[in-house]
Amino acid sequence: MTAASGTDSEAPGHEHRDVSGGWLRPAVFGAMDGLVTNVSLIAGVGGGGGAQHIIVLTGLAGLAAGALSMATGEYVSVSSQNELVQAEVRKERHELEVHPEAEREELAAMLQHRGIDRELADQVAKQISTNPEEALGMHVREELGVDPTELPSPLTAAGASLATFAVGALIPLLPYLLGYDSLWVALALSAVAAFVGGGLVARLTDRPFLRGALRQLVLGAAAAGITYLIGHAVGAEVH
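Residues numbered from 1 in each chain as written. Predicted model: local features only at pLDDT ≥ 70, side-chain atom pairs only at ≥ 80, totals over all residues. Heavy atoms only, no water.

Participant: Describe the pattern of salt bridges, listing the residues and the values that go with them.
Facilitator: Scanning the entire structure with this criterion turns up five salt bridges. A salt bridge links Glu142 to Arg114; the shortest N-O distance between them is 2.9 Å. One end of the pair, Glu142, is in helix 6 (residues 132-144); the other, Arg114, is in the loop between helix 4 (100-113) and helix 5 (118-129), with 28 residues separating them in the sequence. Taking relative accessible area as the criterion, Glu142 reaches 31% and is therefore assigned partly exposed. Relative accessible area serves as the criterion here: at 60%, Arg114 is assigned to the exposed category. Among the ionic pairs, Glu134 bridges to Arg141, the shortest N-O distance being 3.6 Å. According to the relative accessible area criterion, Arg141 is partly exposed, its value standing at 35%. (Salt bridge = Lys/Arg side-chain N within 4 Å of Asp/Glu carboxyl O. Helix = DSSP H or I, 4+ residues; strand = E, 2+ residues; numbered from the N terminus. Buried < 20%, exposed > 50% of the residue type's maximum accessible area, 1.4 Å probe, protein only.)

This is the structure:
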């Protein structure tokens, strides 16, 4: 092995996490939404004096309806966004075919805007323009801020949202499914899940664990507290 090849093999490098796959946002949103939605439903029904079987029925209905709604919303949302990007890509492709010189000058101007000298920018633009697909990709990335080859998957987003919503929504139901007819046990378990979940999400994005944990706990507690008070007030009126 030569010295040069040895140096190349030892060259420092790093890897980035996948930030364009379309799964992290719907997964996090789904889990937290499932937890907060169902603990709020259970708190409202429990606060109104609902029996155990009513709470279980409400929780299961909320889990199913919420998970399917989230999955449908994510699929339509991501699909629509991708279709919009693809429409703009077709428009840019048409411009490159009909007005190649104007698009080359536009590309050179974008390169100059990034700090490249005019003469070199013209040379680079000419070189890139000899490959239509590469020129198209650069125009789209510069003008739209997206990579047309790395669009998020609607199915991935929908699946992540559905699965994590169901998991989050199941947590406040667990005590009732295991035979514990106690709203406070369900609330306590949900509080622990919100604290841990918020903290883990914070660490995933390189933020302090405690900050994310407390934020999620406070928001979840506020939602559950409001619905509990509503349920208690309505239940008192009914009785």
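We are not done yet, so read on.
Participant: Can you tell me about the confidence of the model for the protein chain, naming the residues and giving the values?
Facilitator: Confidence in the prediction for the protein chain averages 86 pLDDT; 89% of positions are at 70 or higher. Here helix 1 (residues 3-9) is the element of the protein chain with the lowest mean pLDDT, 48, and helix 7 (residues 154-170) is the one with the highest, 94. pLDDT under 50 marks residues 1-7. Its contacts with residues more than four places away, or in other chains, come to one contact. (pLDDT = per-residue confidence, 0-100. Contact = heavy atoms within 4.5 Å.)

Participant: Requested: an account of the packing of aromatic side chains, with residues and values cited.
Facilitator: Enumeration according to the criterion identifies two aromatic pairs in this entry. Arranged with centres 6.0 Å apart and planes meeting at 70°, the rings of Phe195 and Phe209 form a pair that is edge-to-face. Of this pair, Phe195 sits in helix 9 (residues 183-204) while Phe209 sits in helix 10 (residues 209-238), and the two are 14 residues apart along the sequence. (Phe/Tyr/Trp six-rings, centres within 6.5 Å; stacked < 30°, edge-to-face > 60°.)

Participant: Residue-level account of helix 6, with values.
Facilitator: Taking 1.5 Å per residue as the helical rise, helix 6 with its 13 residues ought to reach 18 Å, and the 17 Å between its terminal C-alpha atoms agrees with that figure. Within the span of helix 6, buried status applies to Ala135, Leu136, Gly137, Met138, His139 and Val140. The elements touched by buried residues of helix 6 are helix 3 (52-98), helix 4 and helix 5. Gly145 lies just past helix 6 and shows a positive phi near 75°. (Expected span 1.5 Å × (residues − 1).)

Participant: Explain the environment of Ala135 to me, and be specific about the residues and the numbers.
Facilitator: Relative to the helices and strands, Ala135 resides in helix 6. Under the relative-accessibility criterion, Ala135 is labelled buried at 3%. As a C-alpha pair, Ala135 and Leu96 span 39 residues in sequence and 8.4 Å in three-dimensional space. Sequence-distant contacts of Ala135, that is, excluding residues within four places in its chain, are made with Leu96, Ile128 and Ser129.

Participant: Which residues make up the packing of helix 4 against helix 6, and what are the values?
Facilitator: Two numbers describe how helix 4 lies on helix 6: the axes approach to 11 Å, and their chain directions differ by 55°. Taken together, the axis directions place helix 4 and helix 6 in an arrangement best described as oblique. As for the relative orientation of helix 4 and helix 6, their crossing is left-handed in sense. Between helix 4 and helix 6, the contacting residues are Glu103, Glu106, Leu107 and Met110 on the first element and Met138, His139, Glu142 and Glu143 on the second. Among the residues making up the contact of helix 4 with helix 6, the classes are represented as three nonpolar, one polar and four charged. (Axes fitted to C-alpha atoms, helices over the stretch in contact; angles between N-to-C directions. Parallel < 35°, antiparallel > 145°, perpendicular 65-115°, else oblique. Left-handed = near helix turned anticlockwise from the far one by under 90°. Nonpolar A, V, L, I, M, F, W, Y, C, P; charged D, E, K, R; others polar.)

Participant: Describe the nonpolar core, and please don't skip the residues or the numbers.
Facilitator: Core analysis: the largest hydrophobic core is formed by 11 residues, namely Val39, Ile42, Ala43, Ile55, Val56, Leu173, Tyr176, Leu183, Ala186, Leu187 and Ala224. The set of elements that each furnish at least two residues to this core consists of helix 2 (24-47), helix 3 and helix 9. With near-sequence residues (within four places) excluded, Tyr176 lies in contact with Ile42, Gln52, Ile55, Val56, Asp181, Ser182, Leu183 and Ala186. Formed by nine residues, the second largest nonpolar core is a distinct cluster that contains Leu111, Ala125, Ile128 and Met138. (Core = buried A, V, L, I, M, F, W, Y, C linked by side-chain atoms within 4.5 Å.)

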